[in-house]
Amino acid sequence: MDCIFCKIIKGELPSFKVYEDRHTLAFLDIVPVNYGHTLVIPKKHYSNMEEIPEKELKEVIVTVKMVGKALKEGLGVEGYNVGENNDPVAGQIIAHLHFHVIPRSAGDGLALWPQGKYGDGEAEEALDKIKKAI
Ligand code: 5GP
Ligand code: ZN
């Protein structure tokens, strides 16, 4: 499989490794949104959240938490965003599940998503559809 992140795991491509354990790897995003922007991935290839088993997802999230703490303490930032673009339509370019951990500081200029409004009955309708699928 021609996956850039699998190649990084195997050491076939270089990366700036922040943290590594048996199941997960954290490394600097090569095109950072902010200084210290880190990606956290499972070592096994899964393309998205539907594919990864819960047990392995938990390992990844624990590493996300550890990295977030290290960004705050190590870089002296006040917070961070955690993001996962799930599927190409959501902006996922690399088809190996990954979490972005993006350091945030007051006045860094990053804008959050625009928000909308529910029309009459739409929230109830959305709730009904989602709950039926859970
Ligand atoms: P996505 O849009 O799939 O959620 O994000 C993929 C991320 O991977 C992007 O932020 C991009 O900068 C990063 N990226 C792409 N290629 C490489 C690479 O070869 N090395 C590293 N470290 N990051 C990469
Ligand atoms: Zn992969």
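Quick summary incoming for the structure in this document. Everything quoted here is computed from the prediction, not taken from an experiment. (Residues numbered from 1 in each chain as written. Chains lettered and ligands numbered in written order. Predicted model: local features only at pLDDT ≥ 70, side-chain atom pairs only at ≥ 80, totals over all residues. Heavy atoms only, no water.)

### Looking at helix α2 (residues 54-75)
- Taking 1.5 Å of rise per residue, the 22 residues of α2 would be expected to cover 32 Å, and the 31 Å separating its terminal C-alpha atoms lies within 8% of that figure.
- Those residues of α2 that fall on the buried side of the exposure criterion are Val60, Thr63, Val64, Val67, Gly68 and Leu71. The buried residues of α2 all sit within an arc of 145 degrees when viewed along its axis, so they share a single face. With respect to the buried face of α2, the exposed residues turned more than 90 degrees away are Glu54, Lys55, Lys58, Val62, Lys65, Lys69 and Glu73.
- Buried residues along α2 sit against β1 (17-20), β2 (24-28), β3 (38-42), β4 (79-83) and β5 (99-104).
- Just past α2, the residue Gly76 takes up positive phi, approximately 70 degrees. (Helix = DSSP H or I, 4+ residues; strand = E, 2+ residues; numbered from the N terminus. Expected span 1.5 Å × (residues − 1). Buried < 20%, exposed > 50% of the residue type's maximum accessible area, 1.4 Å probe, protein only. Arc of directions from axis to C-beta. Contact = heavy atoms within 4.5 Å.)

### So, the coordination of the zinc ion (ligand 2)
- In the first shell of the zinc ion (ligand 2), the protein supplies Cys3 (SG), Cys6 (SG), His45 (ND1) and His96 (ND1), at 2.0 to 2.3 Å from the metal.
- Coordination geometry of the zinc ion (ligand 2): the four donor atoms subtend angles of 104 to 116 degrees at the metal centre, consistent with an arrangement described as tetrahedral.
- Each donor residue of the zinc ion (ligand 2) lies on the same chain, and together they follow the pattern C-x2-C-x38-H-x50-H. Taken as a pair, Cys6 in helix α1 (residues 4-10) and His45 in the loop between β3 and α2 lie far apart in primary sequence, 39 residues in all.
- Taking relative accessible area as the criterion, Cys6 reaches 14% and is therefore assigned buried. (Donors = N, O, S within 2.8 Å, 3.2 Å for Na, K, Ca; no water. Tetrahedral: all angles 85-135°; square planar, octahedral: opposite > 155°, others 65-115°.)

### What about the pairing of β5?
- The buried count for β5 comes to six of six residues, which makes it a mostly enclosed element.
- What you see with β5 is no split at all: Phe99, Val101 and Pro103 on one side and His100, Ile102 and Arg104 on the other are buried throughout.
- Strand direction decides the pairing type here: β3 and β5, joined by three bridges, are antiparallel. From the neighbouring strand, Leu39 faces β5, where its bridge partner is His100.
- Bridge analysis of β4 against β5 gives five bridges, and the strand direction is antiparallel. Paired with Gly83 across the strands is His100, a residue of β5. (Pairing = 2+ DSSP bridges.)

### Quick notes on the side chain of Thr38
- Within the element layout of this structure, Thr38 appears in strand β3.
- The exposure class of Thr38 is buried, given its relative accessible area of 0%.
- Sequence-distant contacts of Thr38, that is, excluding residues within four places in its chain, are made with Val18, Ala26, Phe27, Leu28, Asp29, Val67, Leu71, Phe99, His100 and Val101.

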